[in-house]
Amino acid sequence: MAKKTDTGSTDKGSKTAVPKIEMRDVVKSFGSKRVLKGIDLAVNAEESLALIGTSGCGKSITLKCLLGLITADGGSIKVDGTEILGTDRRTLEGMRRRFGMTFQFGALFDSLPIWENVTFRLRQQQKMNRADARDLAVDTITQLGLSPQVIDQYPAELSGGMQKRVALARAIADKPEILLFDEPTSGLDPITGGVIDRLIIDAVKRLGATAMTISHDMASVRRIADKVAMIHNGVIIWCGSVEKMDDTGVPVVDQFVHGRAEGPLTTAAKEEARRG
Amino acid sequence: MIGFLQNIGRAALGFLAAFGRITLFTANAVRWTCLPPYYMRQFFRQVLDIGYFSLPVVGLTTLFSGMVLALQSYTGFARFSAEDTVATVVVLSVTRELGPVLAGLMVAGRIGASMAAEIGTMRVTDQIDALDTLSTRPMQYLVAPRILAGTICLPFLVLIGDLIGVFGGYIVGVYRLGFNPSIYLSRTLEYLEFSDVTLGLIKAAVFGFLIALMGCYHGYNSGRGAEGVGRATTNAVVSSSILILISNYLVTALFFG
Ligand SMILES: Nc1ncnc2c1ncn2[C@@H]1O[C@H](COP(=O)(O)OP(=O)(O)O)[C@@H](O)[C@H]1O
Ligand SMILES: [Mg+2]
């Protein structure tokens, strides 16, 4: 399969020799089903990468492997040049502290009110007191366009879109260096989606974070990403700067980016595109 | 024939693999229960759920068991004029066997199921991954408080259940079978030894541990989707009930005499 890799070297990238995140030949199978067949990916510090691909191609699994939530079967995963695949629990836990992540379906803690969800790590790890935590929760969620009263409600009382925003608040509350977003804008109205795009851009540009965002929304990808990578058949089939996304010369990528129903992508994806 | 042997072999391997996984999970759970940090709020929430909210179920079960035991043993012992022993039979059966086993089975249905469902839901909705991501070990935050609470609460539940069961026997003995109240009471205490009660409480602690362990194990390893959680719940109840009955025999045999 034609595999064209362009590291999309921006001047930011050349500043640091070692990429912030580097995945080499990462493989993962579930039973006999090979989901990742050798993911190669590098993200430089303060860069924002968008990860695209059809549903079920392994985007979420890639992020979970990066955090060690799922142990990859082989390959190499480095954060700031430190290998984390096959390392001991302590190193892994230390490394996770530098990450913030939102999950595809929110994954808010049902048994805790919103403010405790948002400040969970700060409360558990840094023993932040109740008053400070509540203030911080209000600050963070109002930034995301939620009203302050929400902090005393429970996740089940909120709409899907509100839950997504709370999940985002939880991921950024303690200002991590690396942010992973799994479909942060899917299922949201365009305005809220825009707010969340803004926030991701802010986090990366203002706080100097490095971000990886899974998204199906090409307009959003154009706004938030410096670099785009597409997973197809278990490998990164194309990776390059966002400007080059429209003109990759790779049929699968072209089809995906322009949302065409006809093309080389699998019939399952075609079905979905037809239904959607 | 070959196919038949293959199936047996596969089943045996599957069993051994499951046994290994459970052993590993148990070792991990016990280890993380002992190590700090301790999540006290989670622990007290579980104590409330297991210890307090199970009281009605356990109380009703032991009450009626004590009552029926008095009736049945009266019928039996009357046939060789040993009606006097009813009080003794009731108190020994309740403290040594019925209290712990019935309370254990009822709590397995109530708590084992809810633990598996709660933790299983957290697994399939990525909340367990979120805990890990937020630098909190799920083994310590979710599993340890439940196992500790289960092991500590069950003996107290069973002690209360014992009292209620004996009281049930007393009610039937005095109001239905016409025993003299003070004689019935003195018979109840006359042959009861401290070791009868402690045996029951040791069993209860073992059952509490097993119920919480199975609830957590099946929830933690729940399959995907609502179907996975449903299966985890069923498996938790079935496996903890079976383990209760097996360990009941083992503990009794160990302390026999
Ligand atoms: N725990 C699991 N067990 C078995 N298969 C899984 C598991 N998690 C994910 N998969 C499979 O891996 C594939 C990739 O999943 P995922 O990364 O969630 O896709 P997506 O790209 O839509 O995020 C899917 O086909 C899914 O069925
Ligand atoms: Mg996904």
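Relevant structure appears above.
Source: prediction; values computed, not measured.

Draft legend 1. Geometry of the overall build of chain B. A tally of regular secondary structure across chain B gives nine helices and zero strands. Listed N to C, the secondary structure of chain B is α-α-α-α-α-α-α-α-α in terms of helices and strands. On the principal axes, the C-alpha backbone points of chain B span a range of 65 × 55 × 35 Å. The 257 residues of chain B split such that 46% are buried. Here the analysis covers contacts within chain B between residues at least 6 apart in sequence; of these, 84% occur between residues at least 24 apart. With the model as given, the accessible surface of chain B reaches about 12,600 Å², and the carbon-plus-sulfur share is 72%. Here chain B holds 16 positive side-chain charges and 13 negative ones, and the gap between their average locations is 9 Å.

Draft legend 2. Highlighting the site of ligand 1. By nearness alone, every residue bordering ligand 1 is listed as Phe30(A), Lys33(A), Val35(A), Ser55(A), Gly56(A), Cys57(A), Gly58(A), Lys59(A), Ser60(A), Ile61(A) and Arg224(B). Note that an oxygen atom of ligand 1 is positioned 2.7 Å from one of the side-chain N or O atoms of Ser60(A). Considering ligand 1 on its own, with 560 Å² of exposed area, one finds that the protein chains cover 74% of that surface. When residues of the shell around ligand 1 are traced back to their parent elements, those giving at least two are β3 (33-43) and α2 (59-67) of chain A. For the shell around ligand 1, the element with the most residues is α2(A), which contributes three residues. Split into classes, the residues belonging to the shell around ligand 1 amount to four nonpolar, four polar and three charged.

Draft legend 3. Up close: the packing of helix α2 (residues 40-52) of chain B against helix α4 (residues 86-124) of chain B. Residue and element names in this part refer to chain B. Two elements in contact, α2 and α4, have axes separated by 10 Å at closest approach and are oriented at 140°. Considered as vectors, α2 and α4 are oriented oblique to each other. Contact with α2, carried on its side by Arg45, Gln46, Asp49 and Ile50, involves Arg110, Ile111, Ser114, Met115 and Glu118 of α4 and no other residues of that element. When grouped by side-chain class, the residues that make up the contact of α2 with α4 number three nonpolar, two polar and four charged.

Draft legend 4. Looking closely at the coordination of the magnesium ion (ligand 2). With distances of 2.0 to 2.2 Å, the protein atoms coordinating the magnesium ion (ligand 2) are Ser60(A) (OG) and Gln104(A) (OE1). With a gap of 44 residues between them, Ser60(A) in helix α2 and Gln104(A) in the loop between β7 (99-102) and α4 (114-118) connect regions that are remote in the sequence.

Draft legend 5. Local environment of the pairing of strand β9 (residues 210-214) of chain A. All names here are of chain A. The buried count for β9 comes to five of five residues, which makes it a mostly enclosed element. Across the two faces of β9 the burial is the same, with Thr210, Met212 and Ile214 and Ala211 and Thr213 all buried. Taken together, the four bridges between strand β4 (residues 48-52) and β9 define a ladder with parallel strand orientation. Residue pairing for β9: leucine 51 is matched across the bridge by isoleucine 214. Looking at chain direction, strand β8 (residues 178-182) and β9 are connected through five bridges and run parallel. Pairing of aspartate 182 across the sheet is with isoleucine 214, part of β9. Handedness of the crossover is the feature at issue here: the chain leaves β8, passes through helix α8 (residues 190-207), returns alongside β9, and the resulting connection is right-handed.

Draft legend 6. Seen up close, the sheet that holds strand β6 (residues 82-83) of chain A. Residues and elements named next belong to chain A. Ordered by their spatial adjacency, four strands build an open sheet running β3-β2-β5-β6, and the pairing between neighbours is antiparallel. Bordering the open sheet on either side are β3 and β6, each of which pairs with just one other strand. Each of β2 (21-30), β3 and β5 (74-79) is contacted by α2, which is oriented at about 115° to β2, the strand it contacts most.

Draft legend 7. Representation of the pattern of salt bridges. Using the criterion set out here, one finds 26 salt bridges over all chains in the structure. A salt bridge links Arg98(A) to Glu177(A), with the shortest nitrogen-to-oxygen separation between them at 2.9 Å. Taken together, the residues Arg98(A) in the loop between α3 (89-96) and β7 and Glu177(A) in the loop between α7 (160-172) and β8 connect sequence positions 79 residues apart. Judged by relative accessible area, which is 31%, Glu177(A) ranks as partly exposed. For Asp129(B), the salt bridge goes to Arg123(B), with nearest N and O atoms at 3.9 Å. The class for Asp129(B) is buried, based on a relative accessible area of 7%. One salt-bridge network, in which partners are shared between bridges, spans Lys20(A), Asp80(A), Arg98(A) and Glu177(A).

What counts and what doesn't
Residues numbered from 1 in each chain as written. Chains lettered and ligands numbered in written order. Predicted model: local features only at pLDDT ≥ 70, side-chain atom pairs only at ≥ 80, totals over all residues. Heavy atoms only, no water. Helix = DSSP H or I, 4+ residues; strand = E, 2+ residues; numbered from the N terminus. Buried < 20%, exposed > 50% of the residue type's maximum accessible area, 1.4 Å probe, protein only. Contact = heavy atoms within 4.5 Å. Areas by Shrake-Rupley, 256 points an atom, 1.4 Å probe, with all protein chains shown as cover. Lys, Arg positive; Asp, Glu negative; His and termini not counted. Charge placed at Lys NZ, Arg CZ, Asp CG, Glu CD. Near = heavy atom within 4 Å. Polar contact = N/O pair within 3.5 Å; in protein donor to acceptor, adjacent residues only side chain to side chain. Nonpolar A, V, L, I, M, F, W, Y, C, P; charged D, E, K, R; others polar. Axes fitted to C-alpha atoms, helices over the stretch in contact; angles between N-to-C directions. Parallel < 35°, antiparallel > 145°, perpendicular 65-115°, else oblique. Donors = N, O, S within 2.8 Å, 3.2 Å for Na, K, Ca; no water. Pairing = 2+ DSSP bridges. Right-handed = clockwise from strand over helix to strand, strands pointing away. Salt bridge = Lys/Arg side-chain N within 4 Å of Asp/Glu carboxyl O.

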